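# Remarks on the overall topology
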Amino acid sequence: MGADTIATRQSWAEFGRRLRTLRRSAGLTQRQLALRVGYHHTLISKVEGGIREPPAGLPLRLDALLGGGGELLAILAGPPDARYGVPALPATLFSTAPRDPGDPAPPQPVVHWPARLVSCPLHGGQCDVPPLADALTLLAATDGDPARTRAWPGTDADAMHALTALIVGYTQDGLESVSTATVGSVERVLRVVVRWAEALNRHGTLPVPQLRLAAECAQIAGWLRVERGQRILGMAWFTRGLTWADVAGDAVARATLLCDVCTLVRLDGDGASALAYARELGAVDPGRAWMTAMSHLHQARARALGGDLAECRERVVLSRRALDRLGGRDFLEAPWLAGATGRLQVEASIGGTLRDAAAITGDPWIARQAVQATQASLGCLPATHRPTVLLLTLRLADALVCSGQLDAAVAAAVPVLPEAVAADRTSVNRELDGLRARLTTRYPGARETRGLLEQLPRRS
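The rules behind each value
Residues numbered from 1 in each chain as written. Predicted model: local features only at pLDDT ≥ 70, side-chain atom pairs only at ≥ 80, totals over all residues. Heavy atoms only, no water. Helix = DSSP H or I, 4+ residues; strand = E, 2+ residues; numbered from the N terminus. Buried < 20%, exposed > 50% of the residue type's maximum accessible area, 1.4 Å probe, protein only. Contact = heavy atoms within 4.5 Å. Areas by Shrake-Rupley, 256 points an atom, 1.4 Å probe, with all protein chains shown as cover. Axes fitted to C-alpha atoms, helices over the stretch in contact; angles between N-to-C directions. Parallel < 35°, antiparallel > 145°, perpendicular 65-115°, else oblique. Nonpolar A, V, L, I, M, F, W, Y, C, P; charged D, E, K, R; others polar. pLDDT = per-residue confidence, 0-100. Core = buried A, V, L, I, M, F, W, Y, C linked by side-chain atoms within 4.5 Å. Left-handed = near helix turned anticlockwise from the far one by under 90°. Polar contact = N/O pair within 3.5 Å; in protein donor to acceptor, adjacent residues only side chain to side chain. Disulfide = S-S within 2.5 Å.

## So, the overall build of the chain
Across its full length, the chain holds 24 helices and zero strands. Taken across its 460 residues, the chain has 53% of its residues classed as buried. Long-range contacts, defined here as pairs at least 24 residues apart, represent 67% of the contacts in the chain between residues at least 6 apart. A total accessible area of about 19900 Å² is found for the chain, and carbon and sulfur atoms account for 53% of it.

## Describing the packing of helix 13 (residues 251–267) against helix 14 (residues 271–283)
Their axes nearest at 8 Å, the elements helix 13 and helix 14 cross at an angle of 170°. For the element pair helix 13 / helix 14, the angle class is roughly antiparallel. Only Ser273, Ala274, Tyr277, Ala278, Glu280 and Leu281 of helix 14 make contact with helix 13, whose side of the interface consists of Arg254, Ala255, Leu258, Cys259, Val261, Cys262, Val265 and Arg266. Of the residues contributing to the contact of helix 13 with helix 14, the split by class is ten nonpolar, one polar and three charged.

## A short note on the environment of arginine 225
Note on placement: arginine 225 falls in helix 11 (residues 208–227). For arginine 225 and threonine 426, which are 201 residues apart along the polypeptide, the C-alpha to C-alpha distance reads 9.4 Å.

## What to know about the confidence of the model for the chain
For the chain, the mean per-residue pLDDT works out to 78, and 78% of the residues sit at or above 70. Here residues 78–116 scores under 50 on pLDDT; set against residues more than four positions off or in separate chains, the count is 68 contacts. Taken as a whole, residues 144–154 scores under 50 in pLDDT and shows 19 contacts with residues more than four places along the chain or in a different chain.

## With respect to the nonpolar core
Trp244, Trp290 and Leu337 are the most contacted members of the largest nonpolar core, which has 113 residues in total. Sort the elements by how many residues they give to this core and helix 11 lands first, with twelve residues. If near-sequence neighbours (up to four positions away) are discounted, tryptophan 290 is found in contact with Val252, Ala255, Thr256, Leu326, Asp330, Glu333, Ala334, Trp336 and Leu337. If you look at the next biggest cluster of nonpolar residues, it comprises 16 residues, including Ala34, Tyr39, Leu43 and Ile75.

## Let's talk about the packing of helix 11 against helix 13
For the pair helix 11 and helix 13, the least separation of the axes is 10 Å and the interaxial angle reads 10°. Classified by the interaxial angle, the pair formed by helix 11 and helix 13 is roughly parallel. The interaxial crossing formed by helix 11 with helix 13 has left-handed handedness. Contacts from Ala215, Gln219, Trp223 and Val226 of helix 11 reach helix 13 at Ala253, Thr256, Leu257, Asp260, Thr263, Leu264 and Leu267. Its residues placed into classes, the contact of helix 11 with helix 13 shows seven nonpolar, three polar and one charged.

## Remarks on the side chain of threonine 353
If you trace the backbone, threonine 353 turns up in helix 18 (residues 339–361). Threonine 353 gets classed as buried once you look at its relative accessible area, which sits at 1%. One polar contact links the side chain of threonine 353 to the main-chain carbonyl oxygen of serine 349, over a distance of 2.9 Å.

## Let's talk about the environment of leucine 43
Mapped onto the elements, leucine 43 comes out in helix 3 (residues 41–48). Residue classification places leucine 43 among the buried residues on the basis of a relative accessible area of 13%. Residues leucine 43 and proline 54, eleven residues apart in the sequence, show an inter-C-alpha distance of 8.2 Å. With residues up to four places along the chain from it excluded, the contact list for leucine 43 reads Arg52, Pro55 and Leu58.

## Here's the deal with the state of the cysteines
Under the criterion given, the structure shown has zero disulfides. Among the cysteines around cysteine 259, which has no disulfide bond, cysteine 262 carries the closest sulfur, lying 6.5 Å off. What makes cysteine 259 buried here is its relative accessible area of 8%.

This is the structure in structure tokens:
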């Protein structure tokens, strides 16, 4: 057994011991605790015994229910300083006191910001950024030292824009490359931003822009860790990002982080947690139509996972109604919901929802609707976005299998299978596993099935 495996098993055992202590202090039996978090009591028993890893969404829920103060998540994430060079932050973080009304207004936007998926934490959207080479120079010069960051030859806004430019670049790389190698660089930027925020906080300044950027950075780092199969660490980053977003009063960052949390726990097969987080997403600000729409979409996917088809259909309808109401502020806060990009996001989510429902019910009509939605999302997708191309192509093949179109499923899957298997990304692996399960169940003896199964690896 390798050293990493031994360390992982030790963290499970430590988590289990601490969970047992907190549960007993709360006066709960394993069965009572299981009922409150939506799991079977045998899973709680195995987790407390340290013989299995808890599902990704469970530690956060247990921590909140039992008043662990982040302790349970910290056990599984390990010491960030030692493992990834990212400083652990105190549970209290920074004061949440509101900004003094007499404080000067934030700087006004300058010129324009290129089309991207990360907001400027100072100005919210429209800014100039330095060349990427300058941003890399800043990162090399500071190396996480806040004193060096403040002494960089330029204004604080210049430094913030340079760091944001790096995150924009890493985000784009994550969209276009199946590799997750940039996660170390993202976490290095996060170290710089967090130490800068801590330095400002020690001098009595509430570092709102730095916390906003830290929340966006934590979201990217978290998802890259998830795609590497490190789901607990990914959830730990998401949790920190949510804390930073809350302290900064950034509802947009909180909502986008919750979208990823919903996806993560759904990947873990945890429909109950996915539904709880989707509802929490809708409660961030019910007046923002895009948040309501995304809440309904994630609730639909959670309901499909649980086999509640009537509620699933209702949520799909409600999401479309909310999307029809999107306006100017919605597109400023969630530009990825505008135009073809928005259609891609929505149809991909609906396609996944209907495919999950078809897999559970065996209803070919639902499967055909899943095929149509997934084909529509693929039609909006740039070919350069390889991770999403692989995921949606495999989802299309799976939906075609569910609809009884084996030949079409084979034709869709074969061209991307080698690349999808080599990518070894969590979300793509989930689609590969689903395709294997459907082929094995529905067409176990078919020649086409044997040919595809030979190319699909078996994962424990």
